Amino acid sequence: MPTESGSCSTARQAKQKRKSHSLSIRRTNSSEQERTGLPREMLEGQDSKLPSSVRSTLLELFGQIEREFENLYIENLELRREIDTLNERLAAEGQAIDGAELSKGQLKTKASHSTSQLSQKLKTTYKASTSKIVSSFKTTTSRAVCQLVKEYVGHRDGIWDVSVARTPPVVLGTASADHTALLWSIETGKSLVTYTGHVGSVNSIKFHPSEQLALTASGDQTAHIWRYVVQLPTPQPVADTSQQMSGEDEIECSDKDEPDVDGDVSSDCPTVRVPLTCLKSHQGVVIAADWLVGGKQVVTASWDRTANLYDVETSELVHSLTGHDQELTHCCTHPTQRLVVTSSRDTTFRLWDFRDPSIHSVNVFQGHTDTVTSAVFTVGDNVVSGSDDRTVKVWDLKNMRSPIATIRTDSAINRINVCVGQKIIALPHDNRQVRLFDMSGVRLARLPRSSRQGHRRMVCCSAWSEDHPICNLFTCGFDRQAIGWNINIPALLQEK
């Protein structure tokens, strides 16, 4: 009984101390707010050469930093109170243990265990609080160097692929599950041409290297080559969307937030219904197609486990590339050499060499543990591959045994694209994120996403347009829209 009354008294004292300490914290916080409010008002009232938008952004960021450190300070005070309470409890238990004539070793062991638990809790809290602050800085950095410029809305189903014309007039192309391909004005976001020649999902689109020709692959087991003629509209001033971003980039969005399907598809938009050439030798879905250097041949990849090489002028099948054990997922050609890389669900990708007209060699790259969703060429002798195993690997064509760099992520990766001039890899993910990495595997940025901006469903593809003055990166997803981004590459690399 004396022991119980003593512990109750100790508990009441600890409760009173906690209550008085909480009141002192409130007074301290309120007095600190009064003290910090005056300098901020003085700062806002001072003359400055900085633009008002920049000053307001700086004030907001400093406010966020102040709030983060204030939360950290309060958490530390809470932990300090817990330490005091623990010490009081240990002291009380020490008296009881002495009365029971227990050894000091047991008491020391119990105290050491409690101290260890408290130390671990302190470390966890510190890491969590620090990560919040670091995350705030990373989010701010991403918004500063990666800005959403234009949204291209008009498809009635998910968009599988996005591509940019290589020669003037520079237009954006999208391939959709709604059986159409659309060409867009990058500057205005208006649709310029609709292609309706396919009777199945349009899975990819690529532009001819020198002519106004488009190559599309479809679920109707064919690939089409069709000509387009566009007249670019007068560009309108681009609104600054960076100020509309919310402070949180991880807000969940429902399918109800998807864009209006009518979007910017004009009723008088020209329609192309018949292709110049129809390539039809596959026995399954044609999932991708691309032009070989020079534009006189094309390669197609199919779910029938083969890739076909065609002559554009005659539409004849030149080679049927076999060897994959499961469906193909993607194909890509080298920008300056007669090289082709094909990806497959069999966890491999293959390099096909057509530089010698008499023979073609093949090399098999193994290193992924799940479907290889895409593999693309970069400058020099490198290939970058992405997979559903949540990794991206950079390979040297001269050494196929192991990758020279590996990027590990938290979500499956779809059709990747590399900014050849700056060696930046854009990774579209199943989890609606798009991340940027360099060739050595260092993460550079993540494209901003909120309830009002960014993709709301799986991001399927990315495409760079390095020389365009307004948008130099494009993404598309199953939320039926494509997005044009302006990436401040010098600032991105400087912060690296």
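Cut-offs used in this document
- Residues numbered from 1 in each chain as written.
- Predicted model: local features only at pLDDT ≥ 70, side-chain atom pairs only at ≥ 80, totals over all residues.
- Heavy atoms only, no water.
- Helix = DSSP H or I, 4+ residues; strand = E, 2+ residues; numbered from the N terminus.
- Buried < 20%, exposed > 50% of the residue type's maximum accessible area, 1.4 Å probe, protein only.
- Pairing = 2+ DSSP bridges.
- Axes fitted to C-alpha atoms, helices over the stretch in contact; angles between N-to-C directions.
- Contact = heavy atoms within 4.5 Å.
- Phe/Tyr/Trp six-rings, centres within 6.5 Å; stacked < 30°, edge-to-face > 60°.
- Salt bridge = Lys/Arg side-chain N within 4 Å of Asp/Glu carboxyl O.
- Core = buried A, V, L, I, M, F, W, Y, C linked by side-chain atoms within 4.5 Å.
- 1 Å grid on protein atoms, 1.4 Å probe; cavity = no way out; pocket = protein on both sides within 12 Å on 5 of 7 lines; lining within 4 Å.
- Points joined across faces, edges and corners; volume = space filled by probe spheres on them.
- Nonpolar A, V, L, I, M, F, W, Y, C, P; charged D, E, K, R; others polar.
- UniProt positions renumbered as here; feature names shortened; annotations may be inferred.

The subject of this paragraph is the overall build of the protein chain. From N to C terminus, the protein chain includes four helices and 29 strands. In the protein chain, buried positions account for 46% of the 496 residues.

Take the pairing of strand E5 (residues 191-195) next. Of all five residues that make up E5, five are buried, and the element is covered over most of its length. When strand E4 (residues 181-184) meets E5, the two strands line up antiparallel, connected through four bridges. The partner of Leu182 across the bridge, within E5, is Thr194. As consecutive antiparallel partners, E4 and E5 are separated by six residues, and within that stretch Gly189 has a phi angle of approximately 80 degrees, a positive value.

Moving on to the sheet that holds strand E6 (residues 202-207). Across the sheet, which stays open at both edges, the four strands sit in the order E6-E7-E8-E10 with antiparallel pairing between neighbours. The open sheet has two edge strands, E6 and strand E10 (277-279), and neither has a second partner. This sheet shows a mean twist of 20 degrees between the axes of neighbouring strands, independent of strand direction. Looking at chain direction, strand E7 (residues 213-218) and strand E8 (residues 223-227) are connected through five bridges and run antiparallel. Looking at E8, one finds that Leu215 is bridged to Ile225.

The residue Ser361 is located in strand E18 (residues 361-366) in this model. Sequence separation between Ser361 and Leu339 is 22 residues, and the spatial gap between their C-alpha atoms is 9.9 Å. Those residues within four positions of Ser361 in sequence are excluded, and the remaining contacts are Leu351, Trp352 and Asp353.

So, on to the packing of aromatic side chains. The description of an aromatic ring pair rests on the distance of the ring centres and on the angle between the ring planes. The full count for this structure, using the stated rule, is nine aromatic pairs. Taken together, a centroid distance of 6.2 Å and an interplanar angle of 55 degrees make the contact between Tyr152 and Phe474 tilted. With a gap of 322 residues between them, Tyr152 in strand E1 (residues 146-153) and Phe474 in strand E28 (residues 473-477) connect regions that are remote in the sequence. By relative accessible area, Tyr152 is classed as buried at 0%. Each ring, one from Phe365 and one from Trp395, has its centre 5.6 Å from the other, and the planes form 80 degrees; the classification is edge-to-face. With Phe365 in strand E18 and Trp395 in strand E21 (residues 391-396), the pair connects residues that are 30 residues apart, well separated along the chain. Grouping residues by exposure puts Phe365 and Trp395 together as buried. Following the ring pairs from residue to residue traces out a cluster consisting of Tyr195, Phe207, Trp226 and Tyr228.

On to the pattern of salt bridges. Applying the stated criterion across every chain yields a total of nine salt bridges. Between Arg81 and Glu78 there is a salt bridge; the shortest N-O distance is 2.1 Å. With a gap of three residues between them, Arg81 and Glu78 both fall in helix H2 (residues 52-99), about one helical turn apart. The class for Arg81 is buried, based on a relative accessible area of 9%. A relative accessible area of 35% means that Glu78 is categorised as partly exposed.

Membership of the largest hydrophobic core comes to 25 residues, with the highest contact counts inside it found for Phe349, Phe377, Val384, Ile425 and Leu427. When residues of this core are traced back to their parent elements, those giving at least two are strand E16 (339-344), strand E17 (348-353), strand E19 (372-377), strand E20 (382-387), E21, strand E22 (405-408) and strand E24 (424-428). Sort the elements by how many residues they give to this core and E19 lands first, with four residues. With sequence-adjacent residues up to four places away left out, Leu427 is seen in contact with Val392, Ile407, Thr409, Ile416, Gln433, Val434, Arg435 and Phe437. With 20 residues, the next largest nonpolar core counts Val145, Val434, Ile487 and Ala491 among its residues.

With that settled, consider the side chain of Thr373. Here Thr373 shows up in strand E19. Discounting residues that sit within four places of it in the chain, Thr373 has contacts with Thr329, His330, Ser343, Gly386, Ser387, Asp388, Ile413, Asn414 and Arg415.

It is worth spelling out unusual backbone geometry at this point. Negative phi values dominate among residues other than glycine, just as trans dominates among peptide bonds. In this structure, Pro169 follows Pro168 across a cis peptide bond, with omega equal to -5 degrees. Residue placement: Pro169 occurs in the loop between strand E2 (159-164) and strand E3 (172-176). The phi dihedral of Thr347 is positive, around 75 degrees, even though this residue is not glycine. Along the chain, Thr347 turns up in the loop between E16 and E17. Given a relative accessible area of 23%, Thr347 falls into the partly exposed group. Notably, Arg432 is not glycine yet its phi reads approximately 80 degrees, a positive angle. Within the secondary structure, Arg432 is located in the loop between E24 and strand E25 (434-438).

Pairing within the open sheet is mixed, and its five strands lie in the order E2-E3-E4-E5-E9. Two strands close off the open sheet at either side, each with one partner strand: E2 and strand E9 (271-272).

The next thing to look at is the layout of surface pockets. Considered as a void within the structure, the largest pocket measures approximately 960 Å³ in volume. What lines the largest pocket is a set of 38 residues, and nearest its centre among them are Val164, Arg166, Asn417, Val420 and Trp464. Elements represented by at least two residues in the lining of the largest pocket include exactly E2, E6, strand E11 (286-291), strand E15 (328-333), E19, strand E23 (417-419) and strand E27 (459-464). Each pocket or cavity is described by its volume, and for the second largest pocket that value is around 460 Å³. Forming the walls of the second largest pocket are 17 residues, and the residues nearest its centre are Trp160, Ile287, Thr329, Asn414 and Arg415. Among the residues forming the lining of the second largest pocket, the class breakdown is seven nonpolar, five polar and five charged.

Below, the discussion takes up the UniProt feature "repeat: WD" (unreviewed entry) in the protein chain. In the numbering used here, UniProt assigns the "repeat: WD" (unreviewed entry) feature to residues 152-194, 195-226, 279-320, 321-362 and 365-405. Secondary structure across residues 195-226 comprises 0% helix and 53% strand; the distance between its end C-alpha atoms is 8 Å.

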